[in-house]
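Coordinate inspection notes
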Amino acid sequence: MPRILKYILCVLVALFAFSTISTGDVGDFSDYDSGSDWSDSSSDSWDSDSSDSNSDHTGSSSKNNPFIVYLFFAFFPIWLILSAKQAIEGQLFGTSRQTSPSRPLLKWPEIPDNTADITRVLQDTDPAFNAAAFLEWAKEVFFKLQYAWMDRDWEQARPFESEELYATHERQLQEYKRLGRINILERINIHNAYFFSLIKDQEWETLSVVMHVKMIDYIVDEHTRKVLKGTPDKDCFMSYFYVFKRKAGVKTLSAKQEVDIPCPNCGAPTHVVSSGKCEYCNFVITVKDHGWVLSDIIGIKPPYNYGSGGIIMQGKPGE
């Protein structure tokens with residue numbers, strides 16, 4: 001009986017705590033929970049879909065859950081009595097249970113690293129492909145996107161994202177501006193980056209890169225600078241899939257995945273990845289077929305049922 005009551009209480013406490021979650025960072029993947037130490041990935045909620053971009057980040061949804069609050073206060077005294085009784089019995093009669101050593105807390109989920117196999121397959125058709133250079137460039141993309149998000153100037157991210165992903169993030173950032181919110185990202189550190197999966201078909205090559213990241217992540221009011229969500233002095237441990245795509249048959253051009261082309265409008269030399277803006281005439285240049293472009297960002301959340309990754313070869317539609 002005591003064990004059942006304790007289990008019910010833990011579930012209620014978890015539901016109560018997780019009802020105050022909001023989101024942040026590029027793509028709105030962070031879940032702010034001021035009661036969490038962010039050291040155990042299995043204890044964080046990560047449910048980015050539970051937030052509404054139109055909601056006020058200063059509010060708390062716990063007010064809309066009176067039943068949960070009622071049950072919490074109903075069971076809490078019972079739990080205290082049972083815990084005290086068990087502790088006294090353990091001291092007087094030696095009936096306390098032996099507990100097994102606790103499992104070390106995991107800062108990041110254990111996602112398979114398939115860098116070696118994926119590199120070998122890519123180099124079969126693209127001998128100049130260099131995994132180390134690509135991963136360094138992918139990290140650079142990550143940093144540039146975070147700073148563009150914090151600066152609320154998504155034009156800085158245009159050279160790295162597909163047109164569709166750029167438009168999605170631009171809309172999200174405009175919502176932050178409308179609400180008067182600034183997402184502050186500090187002490188950003190990429191703990192590890194590696195290849196998880198490669199999908200090759202007749203038209204595209206899609207490469208998923210795992211990013212394990214530690215950073216300070218919180219939201220402030222742009223006028224008062226009051227902290228609305230997150231904790232300015234507590235690290236967040238986040239994991240992402242950064243998904244890059246390129247046309248099948250395209251070869252590596254450079255370590256930074258850039259191409260030099262003349263501006264179609266004024267003829268000035270430009271350096272772009274998927275798209276960019278001419279620094280001379282501000283003409284937006286789009287180049288789709290020359291190399292890798294960031295097509296998606298996916299927050300890695302429990303349960304971690306993402307499979308083993310690796311290489312997936314797909315034929316023509318219907319095969």
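About the cut-offs
Residues numbered from 1 in each chain as written. Predicted model: local features only at pLDDT ≥ 70, side-chain atom pairs only at ≥ 80, totals over all residues. Heavy atoms only, no water. Helix = DSSP H or I, 4+ residues; strand = E, 2+ residues; numbered from the N terminus. Buried < 20%, exposed > 50% of the residue type's maximum accessible area, 1.4 Å probe, protein only. pLDDT = per-residue confidence, 0-100. Contact = heavy atoms within 4.5 Å. Pairing = 2+ DSSP bridges. Axes fitted to C-alpha atoms, helices over the stretch in contact; angles between N-to-C directions.

Attention shifts here to the environment of F134. Assignment of secondary structure puts F134 in helix 4 (residues 131–151). On the basis of relative accessibility, which here comes to 1%, the residue F134 falls in the buried class. As a C-alpha pair, F134 and W292 span 158 residues in sequence and 9.6 Å in three-dimensional space.

As for its position among the elements, Q123 is in helix 3 (residues 115–125). Exposure remark for Q123: the relative accessible area of 33% places this residue in the partly exposed category. Considering only alpha carbons, one finds Q123 and T252, 129 residues apart in sequence, at a separation of 9.8 Å.

A few words now on the confidence of the model for the protein chain. Confidence in the prediction for the protein chain averages 73 pLDDT; 57% of positions are at 70 or higher. Contacts of residues 11–23 to residues separated by more than four positions or lying in other chains number 38 contacts, the stretch itself having pLDDT below 50. For the stretch residues 34–64, pLDDT sits under 50, and the model shows 73 contacts to residues farther than four places along the chain or on other chains.

What follows deals with the sheet that holds strand 4 (residues 204–221). The strand order 10-5-4-3-11 describes an open sheet built from 5 strands, whose pairing is mixed. Strands at the two margins of the open sheet, each flanked by one partner only, are strand 10 (293–299) and strand 11 (310–313). The sheet shows a mean angle of 35° between the axes of neighbouring strands, direction not considered. With 16 bridges joining them, strand 4 and strand 5 (residues 227–247) adopt antiparallel strand pairing. For L207, the partnering residue across the bridge sits in strand 5 and is F244. Where helix 3 meets the sheet, its contacts fall on strand 3 (181–200), strand 4, strand 5 and strand 11, and the angle it forms with strand 3 comes to roughly 65°. Of the strands in this sheet, strand 3, strand 4 and strand 10 touch helix 5 (residues 163–179), which is tilted by about 55° from strand 10.

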